[in-house]
Amino acid sequence: MTAVLWWNQHRRKAALPVACFTGVLVWFAAARRGNLPSNRAGTPLQHIANAHETSAELQKNPEQEVLQSQAPREIAETLRTDPRGTQPEDRAPVWSFLQKPEGLVFGKEGEWLLGADEALNWLRGAEQAAAEVEDGLVGLALEQKLPSALREHALQHLGLWAEEHPAGPRVADALKTVSMAEASSPLSGIALAALFRSGFASQEKAWIQKQGLHLATSKEAHPLSRSLALQILGQSKAAEAEPIARSLFKGAATVQEKIGALQVLRWVGTAETLAWLGVVSEETEPLTAAAQRQTLQILKERWTRRE
């Protein structure tokens with residue numbers, strides 16, 4: 001299960017093809033959290049489809065779910081309830097669990113993050129407390145003293161909230177702030193991706209493309225942020241994405257970056273890229289070579305029809 005599929009399972013409506021960001025976030029999740037339990041499908045962001053479905057599942061076998069939950073028992077008990085029927089005092093301990101990660105133990109970060117994701121998803125289901133949810137998620141995303149991995153989760157949930165609800169301007173401001181201030185970390189690209197998928201995407205199109213171009217070409221940017229920014233430019237059909245993707249494909253150090261660059265070329269590749277890819281030596285790494293052949297075939301079919 002990729003991080004892309006996590007996003008699509010946690011959202012309530014589709015806005016982008018599942019292919020967007022494939023090979024980028026999944027690489028990052030696997031690289032950082034490869035020791036996760038196998039039943040969690042390789043990413044700490046995978047546990048429940050949404051808070052409403054979870055409530056129904058818990059009614060079927062609540063005791064088993066409590067035992068499986070990675071959150072502390074007292075928090076897990078709260079997560080068994082329907083968040084739509086809760087009061088501020090019910091949600092306060094869950095926010096505290098996230099804001100003061102005292103249970104985060106070295107060597108067990110993955111398990112703790114699974115519990116944190118359960119809590120974030122549950123809190124996002126408290127639609128009757130929109131202002132509280134927005135303030136809480138924004139606070140987690142901006143708090144630099146919190147573990148980066150928790151902030152990544154908060155950013156993605158914040159993007160989902162802003163996709164599903166008419167979020168306030170503070171949400172967009174927070175996503176933009178993190179993207180600009182955290183360029184050397186994955187947070188920058190994750191925040192930009194969250195903004196790109198949010199309800200602010202149309203009104204912030206110019207800013208997203210400008211920041212995407214900056215990150216995609218910045219040597220100081222984290223590799224994940226560069227890759228995500230390039231994917232966003234490609235999905236936006238930005239002409240600037242083509243030369244950047246070609247350069248990344250030739251100079252990338254990882255298979256994931258190369259495959260990500262090829263995906264962008266499938267979206268924006270012109271006849272010039274077709275000619276260029278036709279004379280580029282085939283990669284020796286099997287996955288990259290297969291993606292390279294597929295990209296070449298797609299571009300051949302596209303530009304042969306236009307001749």
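In this text, all values refer to a predicted model and were calculated from it rather than measured experimentally. (Residues numbered from 1 in each chain as written. Predicted model: local features only at pLDDT ≥ 70, side-chain atom pairs only at ≥ 80, totals over all residues. Heavy atoms only, no water.)

J.: So what's going on with the overall build of the chain? Which residues, and what values?
T.: If you tally the helices and strands in the chain, you get 17 helices and zero strands. Per-residue burial for the chain yields a buried fraction of 55% across its 307 residues. Counted over contacts in the chain with a minimum sequence separation of 6, partners at least 24 positions apart contribute 69%. On the chain, roughly 13,600 Å² of surface is accessible, and the fraction owed to carbon and sulfur atoms is 53%. (Helix = DSSP H or I, 4+ residues; strand = E, 2+ residues; numbered from the N terminus. Buried < 20%, exposed > 50% of the residue type's maximum accessible area, 1.4 Å probe, protein only. Contact = heavy atoms within 4.5 Å. Areas by Shrake-Rupley, 256 points an atom, 1.4 Å probe, with all protein chains shown as cover.)

J.: Describe helix H11 (residues 186-197), listing the residues and the values that go with them.
T.: The terminal C-alpha atoms of H11, which comprises 12 residues, lie 17 Å apart, in line with the 16 Å expected from a rise of 1.5 Å per residue. Where H11 is concerned, the buried positions are Pro-186, Leu-187, Ser-188, Gly-189, Ile-190, Ala-191, Leu-192, Ala-193, Ala-194, Leu-195, Phe-196 and Arg-197. If you check the start of H11, you find a side-chain oxygen 3.1 Å away from the backbone N of Leu-187, and it comes from Ser-185. (Expected span 1.5 Å × (residues − 1). Polar contact = N/O pair within 3.5 Å; in protein donor to acceptor, adjacent residues only side chain to side chain.)

J.: Explain the packing of helix H13 (residues 223-235) against helix H15 (residues 255-268) residue by residue, including any values.
T.: Where H13 contacts H15, the axes come no closer than 9 Å and their chain directions differ by 10 degrees. The angle between H13 and H15 places the two elements in the roughly parallel class. Crossing angle aside, the handedness with which H13 passes H15 is left-handed. On H15, the residues touching Pro-223, Arg-226, Ser-227, Leu-230, Gln-231, Gly-234 and Gln-235 of H13 are Glu-257, Gly-260, Ala-261, Gln-263, Val-264, Trp-267 and Val-268. (Axes fitted to C-alpha atoms, helices over the stretch in contact; angles between N-to-C directions. Parallel < 35°, antiparallel > 145°, perpendicular 65-115°, else oblique. Left-handed = near helix turned anticlockwise from the far one by under 90°.)

J.: Could you give an account of the confidence of the model for the chain, with specific residues and numbers?
T.: Summing up the model confidence of the chain, the mean pLDDT is 80 and the portion of residues at 70 or higher is 76%. Every residue in residues 1-9 scores below 50 in pLDDT, and together they form 31 contacts with partners more than four places removed in sequence or on other chains. Here residues 11-67 is a poorly scored stretch, pLDDT under 50, and it has 126 contacts once near neighbours within four places are set aside; other chains count. (pLDDT = per-residue confidence, 0-100.)

J.: Describe the nonpolar core, naming the residues involved and giving the relevant values.
T.: Leu-98, Leu-150, Leu-155, Leu-158, Val-171 and Leu-230 are the most contacted members of the largest nonpolar core, which totals 76 residues. The element that contributes the greatest number of residues to this core is H11, accounting for eight residues. In this structure Val-171 touches Glu-134, Val-138, Leu-158, Ala-162 and Phe-200, once residues within four positions along its chain are discounted. (Core = buried A, V, L, I, M, F, W, Y, C linked by side-chain atoms within 4.5 Å.)

J.: Break down the side chain of Arg-266 for me, with residues and values.
T.: Turning to its location among the elements, Arg-266 is positioned in helix H15. No salt bridge is formed by the buried Arg-266; its nearest oppositely charged neighbour, Glu-301, is found at 11 Å. Look past the residues within four positions of Arg-266 in its chain and what remains in contact with it is Ala-291, Gln-294, Thr-295, Ile-298 and Arg-302. (Lys, Arg positive; Asp, Glu negative; His and termini not counted. Salt bridge = Lys/Arg side-chain N within 4 Å of Asp/Glu carboxyl O.)

J.: Break down the pattern of salt bridges for me, citing the residues and quoting the values.
T.: Counted according to the given criterion, the structure contains 10 salt bridges. Between Asp-135 and Arg-170 there is a salt bridge; the shortest N-O distance is 2.9 Å. Of this pair, Asp-135 sits in helix H8 (residues 130-142) while Arg-170 sits in helix H10 (residues 169-181), and the two are 35 residues apart along the sequence. What makes Asp-135 partly exposed here is its relative accessible area of 42%. Among the salt bridges present, the one from Arg-151 reaches Glu-182, with a minimum N-O distance of 3.1 Å. Taken as a pair, Arg-151 in helix H9 (residues 148-164) and Glu-182 in the loop between H10 and H11 lie far apart in primary sequence, 31 residues in all. According to the relative accessible area criterion, Arg-151 is buried, its value standing at 3%.

J.: Give a description of the side chain of Glu-164 that names residues and reports values.
T.: Along the chain, Glu-164 turns up in helix H9. With a relative accessible area of 17%, Glu-164 lands in the buried category. A polar contact is formed between the side chain of Glu-164 and the side chain of Arg-124, at a distance of 3.0 Å.

J.: Describe helix H7 (residues 109-124), and please don't skip the residues or the numbers.
T.: Here H7 is 16 residues long and its end C-alpha atoms lie 22 Å apart, about the 22 Å a rise of 1.5 Å per residue gives. Among the 16 residues of H7, 14 are classified as buried, and the element is accordingly described as predominantly covered.

J.: So what's going on with the packing of H9 against H11? Which residues, and what values?
T.: Packing of H9 against H11 leaves a shortest axis separation of 8 Å and a crossing angle of 10 degrees. Classified by the angle between their axes, H9 and H11 sit roughly parallel to one another. Across the interface between the two elements, Ser-148, Arg-151, Glu-152, Leu-155, Gln-156, Gly-159 and Glu-163 from H9 touch Pro-186, Leu-187, Ile-190, Ala-191, Ala-194 and Arg-197 from H11. Its residues placed into classes, the contact of H9 with H11 shows six nonpolar, three polar and four charged. (Nonpolar A, V, L, I, M, F, W, Y, C, P; charged D, E, K, R; others polar.)

J.: With reference to specific residues and values, describe the environment of Ser-188.
T.: Looking at the secondary structure, you find Ser-188 in helix H11. Residues Ser-188 and Ser-225, 37 residues apart in the sequence, show an inter-C-alpha distance of 5.9 Å. Excluding anything up to four places from it in sequence, Ser-188 contacts Val-178, Ser-179, Glu-182, Ala-183, Gln-211, Leu-215 and Ser-225.

J.: Tell me about the packing of aromatic side chains, residues and numbers included.
T.: Under the defined criterion, the tally for this structure stands at two aromatic pairs. Relative to Trp-112, the ring of Phe-97 has its centre 5.4 Å away and its plane inclined at 45 degrees; by these criteria the two rings are tilted. With a gap of 15 residues between them, Phe-97 in helix H6 (residues 88-99) and Trp-112 in helix H7 connect regions that are remote in the sequence. When its relative accessible area of 6% is taken as the criterion, Trp-112 is described as buried. The positively charged end of Arg-246 is found above the aromatic ring belonging to Trp-276, 5.3 Å away from the centroid. Just above the ring of Phe-249 sits the side chain of Lys-258; from NZ or CZ to the centre is 5.1 Å. (Phe/Tyr/Trp six-rings, centres within 6.5 Å; stacked < 30°, edge-to-face > 60°. Lys NZ or Arg CZ within 6 Å of the ring centre and 35° of its normal.)

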